[in-house]
Amino acid sequence: MSREPWAHSRLNVRAFEPLLLETARPSFVAESLFMNQLSEDRALETVRRMKDVSVVVLGDVMLDEFVWGDVTRISPEAPVPVVDIRRESAHLGGAANVLANLVALGARGMVAGVVGDDSAGKRLRAELREASATQEADELIVTDEKRPSTVKTRIIAHNQLVVRADRERRTPVDAQTEDRIIKVLRRAIMEASAFVVSDYEKGAVTPRILNEILPLAYGRGIPVLVDPKIRNFDAYRPATLVTPNHHEALRLTGTDEDTDEGLRRAAELIRARLNCDAVLITRGERGMMLLEGARPPVYVETAAREVYDVTGAGDTVIATLAASLAAGASMIEAAMLANMAAGIVVGKVGTATASSDELMSSIRRSQ
C-alpha cells in the first residue's frame, strides 16, 4: 500500500480548491496544490479496486429503528406532537453501518462487536448476513447475555426527526468478553486489507482490546483507521488515520476556537499526542481538514448539494477512507472520495449508504 500521491495525477481544482494557511512555508505550497488533485480516471479506478479489498471493523454495533408518520395535531395530554405511524424500518447502525457502507462500495468486510441475547441481537445478526450476502458476516459478533443489544429508535414525521429513544448499556464489556473479541480479531486481521475502529462509547471498544489489536494491525502494514471518542482516546495507537469531528477535536485539545487556525492546532496536538500518521477532522457543512505528516493542512470543501439527514455520515466517511486506502489511494485522494460519499448520504433521510455506482456518478459530475 502506497501512502504517497501518484506522480501522474492530473490537475483539477474545479471541485476541490485547497485553502492553504498564510503561515504555510512557501516550499510546501506547490506540494499542497498538487496533493489536492484527483483525476476522474484515477478516482474511478480506485472505486473499482474496492471490490478487491477486505476490511475488518471493530466497534459498537447497533440497530437503527425508524418509525415514519405524519403529525396533524398536538396531544391534549402535553404540548407534544401526535405522530400517526405509517410505516417502520430498521437498518444497521454504528460499526455495523460502517460494514454496510463498505459492502455498498463493493468491498468485503466483517465487523467485531457485542450484542445481547435478545431479539434485537438476532435481528442484527440477520441484517449483517443479508447486507454482506454471506453466512459468515456475523461470525466476529460476540453475544453477551448480561447486556442488551444497542437499539436507537427514531420517530420521524414529514422527514423531520421528532424524538429518539435509546436502549443500551454504555459500560465497558467485561474481561471475558474482551478475551473473546481479541481472539476473533487476531484471526480476522491476518486476512484484512484494512482495519477500522468505530467507537461509539457503548462499551465494545476498550483500552485493553485496542492495546492488543492496534499494534498487530499496524504492524502488518495495513491502513488502521480510528473514529474516536474521548473516553478511550489515549489508547488509539498506533494508527494510520484518526478522524474526529470538529467538536471532538476541540474538546480533546481543550480549545473552543472553531476556526481553520484553531482546528489546525487541534490536529497538530492530536497527532503529537497519538503519534499517528495523519488526522482528518470532519467539519460538517465546512467539509474536512487533513493534516498528514509534516505537510500543511489541506481543506476539502463539502460535496453535499442538499442536506436532509446527517445520520451515519461519519460511518460513510471512515468506510470510504478505509476502502480507498486499501485500494491504493493516497491520503488526500481517500479524503476527497470520502467527502463525495458523505455528500451522497446526507442527501438521504435515515441511516444510509453510498453505493459504488452513486460514488462514480458523483465523480463524473465533479469533473
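Everything below is about the structure shown above.
Participant: So what about the pattern of salt bridges? Which residues, and what values?
Facilitator: Scanning all chains against the criterion turns up 28 salt bridges. Put simply, Glu-333 and Arg-42 hold a salt bridge, and the shortest N to O gap is 3.5 Å. On the criterion of sequence distance, the pair formed by Glu-333 in helix α10 (residues 331-345) and Arg-42 in helix α2 (residues 40-49) is long-range, its members being 291 residues apart. By relative accessible area, Glu-333 is classed as buried at 1%. Among the ionic pairs, Arg-295 bridges to Glu-292, the shortest N-O distance being 3.4 Å. Here Arg-295 and Glu-292 have matching classes, each one buried.

Participant: Could you give an account of the sheet that holds strand β3 (residues 81-94), with specific residues and numbers?
Facilitator: Taken together, four strands build an open sheet; the order of strands is β3-β2-β6-β7 and the sheet is mixed. Strands at the two margins of the open sheet, each flanked by one partner only, are β3 and β7 (160-167). When strand polarity is set aside, the average angle formed by the axes of neighbouring strands in this sheet is 20°. Pairing between strand β2 (residues 61-74) and strand β6 (residues 150-157): eight bridges, direction parallel. The residue bridging Leu-63 from the neighbouring strand is Val-151, located in β6. Those strands touched by helix α3 (residues 95-104) are β2 and β3, and its axis lies near 70° from that of β3. Relative to the sheet, helix α4 (residues 119-132) contacts β2, β3 and β6, its axis offset from that of β3 by approximately 60°.

Participant: Could you give an account of unusual backbone geometry, with specific residues and numbers?
Facilitator: Cis geometry marks the peptide bond from Arg-237 to Pro-238, where omega comes out at -5°. Mapped onto the secondary structure, Pro-238 falls in the loop between β9 (224-227) and β10 (241-242). Backbone geometry at Asn-159 places phi at a positive 65°, although glycine is not the residue there. If you trace the backbone, Asn-159 turns up in the loop between β6 and β7. Classification of Asn-159 as partly exposed rests on a relative accessible area of 47%. If you check the backbone angles, Glu-201 has positive phi at about 60° while not being a glycine. We classify Glu-201 as partly exposed; its relative accessible area is 25%.

Participant: Provide a residue-level description of helix α5 (residues 175-189), including the pertinent values.
Facilitator: Taking 1.5 Å per residue, 15 residues should reach 21 Å; α5 reaches 21 Å between its end C-alpha atoms and fits that length. All buried positions along α5 are accounted for by Thr-177, Glu-178, Ile-181, Ile-182, Val-184, Leu-185, Ala-188 and Ile-189.

Participant: Give me the packing of α2 against helix α11 (residues 356-366): which residues, what numbers.
Facilitator: Packed helices, taken two at a time, are described by their axes: the angle between them and the distance between them. Where α2 contacts α11, the two axes come as close as 10 Å, and the packing angle between them is 175°. Regarding the angle of α2 to α11, the classification is roughly antiparallel. Contacts between α2 and α11 pair Glu-40, Ala-43, Leu-44, Val-47 and Arg-48 from the former with Ser-356, Leu-359, Met-360, Ile-363 and Arg-364 from the latter. A breakdown of the residues in the contact of α2 with α11 according to their chemical character gives six nonpolar, one polar and three charged.

Participant: With reference to specific residues and values, describe the sheet that holds strand β11 (residues 278-282).
Facilitator: The strands making up a sheet are joined through hydrogen bonds of the backbone, oriented either antiparallel or parallel. If you trace the nine strands from one edge of the open sheet to the other, you get β5-β4-β1-β8-β9-β10-β11-β12-β13, paired in mixed fashion. What marks the edges here is a single partner per strand, and that holds for β5 (141-143) and β13 (298-300). Looking at chain direction, strand β12 (residues 288-292) and β13 are connected through three bridges and run antiparallel. Its bridge partner being in β13, Leu-290 is matched across the sheet by Val-298. Packing against the sheet, helix α6 (residues 207-219) makes contact with β1 (54-59), β8 (194-198) and β9, and its axis sits at approximately 155° to β8.

Parameters at a glance
- Residues numbered from 1 in each chain as written.
- Predicted model: local features only at pLDDT ≥ 70, side-chain atom pairs only at ≥ 80, totals over all residues.
- Heavy atoms only, no water.
- Salt bridge = Lys/Arg side-chain N within 4 Å of Asp/Glu carboxyl O.
- Helix = DSSP H or I, 4+ residues; strand = E, 2+ residues; numbered from the N terminus.
- Buried < 20%, exposed > 50% of the residue type's maximum accessible area, 1.4 Å probe, protein only.
- Pairing = 2+ DSSP bridges.
- Axes fitted to C-alpha atoms, helices over the stretch in contact; angles between N-to-C directions.
- Contact = heavy atoms within 4.5 Å.
- Expected span 1.5 Å × (residues − 1).
- Parallel < 35°, antiparallel > 145°, perpendicular 65-115°, else oblique.
- Nonpolar A, V, L, I, M, F, W, Y, C, P; charged D, E, K, R; others polar.

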